[in-house]
Amino acid sequence: QVQLVESGGGLVQAGGSLRLSCAASGSIFSVSAMGWYRQAPGKQREVVAGITSGGSTNYADFVKGRFTISRDNVKNTVSLQMNSLKPEDTAVYYCYAVLRATGMDPWGNYWGQGTQVTVSS
């Protein structure tokens, strides 16, 4: 069974930094894209950043220049370095992975349980 576990959330003042990490474990045959979404209270979940197995990245406009996504293909981990945080970055952050559990399984989307990031003004 595949699990994605996030860590690194917390409370930080505006202008500060946090680093989120997510580790995929369990029966994993292959991992394609990994990344992060977030959901603020009363809002829909929105994409933050993504990274392919080859290292190509994409970012939402509202985090460009402030957040950096990276991954370790050997350890099946993905990280999000968040700098210059703003109060509007406050949300629950979810990591995701597109992977195959075995060589006979189709590609599937897997999600972590979420980690709270709170930025105070």
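Residues numbered from 1 in each chain as written. Predicted model: local features only at pLDDT ≥ 70, side-chain atom pairs only at ≥ 80, totals over all residues. Heavy atoms only, no water.

Enquirer: Help me understand the state of the cysteines, please; the structure alone is not making it clear to me.
Expert: In protein structure, a disulfide is the covalent linkage between the sulfur atoms of two cysteines. In this structure the tally under the stated criterion is one disulfide. With a sulfur-sulfur separation of 2.0 Å, C22 is cross-linked through a disulfide to C95. Linking C22 and C95, the disulfide has an S-S dihedral of approximately 40 degrees and is accordingly described as right-handed. Within this pair, whereas C22 is found in strand β3 (residues 18–25), its partner C95 is found in strand β9 (residues 91–100), the two being separated by 73 residues in sequence. This pair shows no difference in class: C22 is buried, exactly as C95 is. (Disulfide = S-S within 2.5 Å. Helix = DSSP H or I, 4+ residues; strand = E, 2+ residues; numbered from the N terminus. Buried < 20%, exposed > 50% of the residue type's maximum accessible area, 1.4 Å probe, protein only.)

Enquirer: Explain the packing of aromatic side chains to me, please; I cannot follow it from the model alone.
Expert: Working definition: an aromatic ring pair is given by the centre-to-centre distance plus the angle between the planes. Scanning the model with the defined rule gives three aromatic pairs in all. Taking the centre distance of 5.1 Å and the plane angle of 70 degrees together, the rings of Y37 and W111 count as edge-to-face. Taken together, the residues span a long stretch of sequence, with Y37 in strand β4 (residues 30–39) and W111 in strand β10 (residues 108–111) at a distance of 74 residues. What makes Y37 partly exposed here is its relative accessible area of 25%. Here the aromatic residues Y37, Y96 and W111 are joined through ring pairs into a cluster of three or more. Here the guanidinium or amino end of R45 rests over the ring plane of W111, the centre of that ring lying 4.9 Å away. (Phe/Tyr/Trp six-rings, centres within 6.5 Å; stacked < 30°, edge-to-face > 60°. Lys NZ or Arg CZ within 6 Å of the ring centre and 35° of its normal.)

Enquirer: Help me out: how do you make sense of the sheet that holds strand β7 (residues 67–72) in this one?
Expert: By way of backbone hydrogen bonds, the strands of a sheet pair with one another, either parallel or antiparallel. The four strands lie next to each other as β1-β3-β8-β7, forming an open sheet whose pairing is antiparallel. The sheet is open, and its two edges are formed by β1 (3–7) and β7, each paired on a single side. Sheet twist, expressed as the mean angle between neighbouring strand axes with direction ignored, is 15 degrees. Two elements, β7 and strand β8 (residues 77–82), share six bridges in a ladder whose sense is antiparallel. Each residue of the ladder has a partner; that of R71, found in β8, is V78. (Pairing = 2+ DSSP bridges. Axes fitted to C-alpha atoms, helices over the stretch in contact; angles between N-to-C directions.)

Enquirer: So what exactly am I meant to see when it comes to the pattern of salt bridges here?
Expert: Close approach of charged atoms allows side chains with opposite charge to pair. Scanning all chains against the criterion turns up four salt bridges. A salt bridge links E46 to R38; its shortest N-O distance comes to 2.8 Å. The class of R38 is buried, set by a relative accessible area of 6%. Residue D89 pairs with R38 through a salt bridge whose shortest N-O separation is 2.9 Å. Within this pair, whereas D89 is found in the loop between β8 and β9, its partner R38 is found in strand β4, the two being separated by 51 residues in sequence. Each of the two residues, D89 as well as R38, counts as buried. A single network of salt bridges, built from pairs that share partners, joins R38, E46, R66 and D89. (Salt bridge = Lys/Arg side-chain N within 4 Å of Asp/Glu carboxyl O.)

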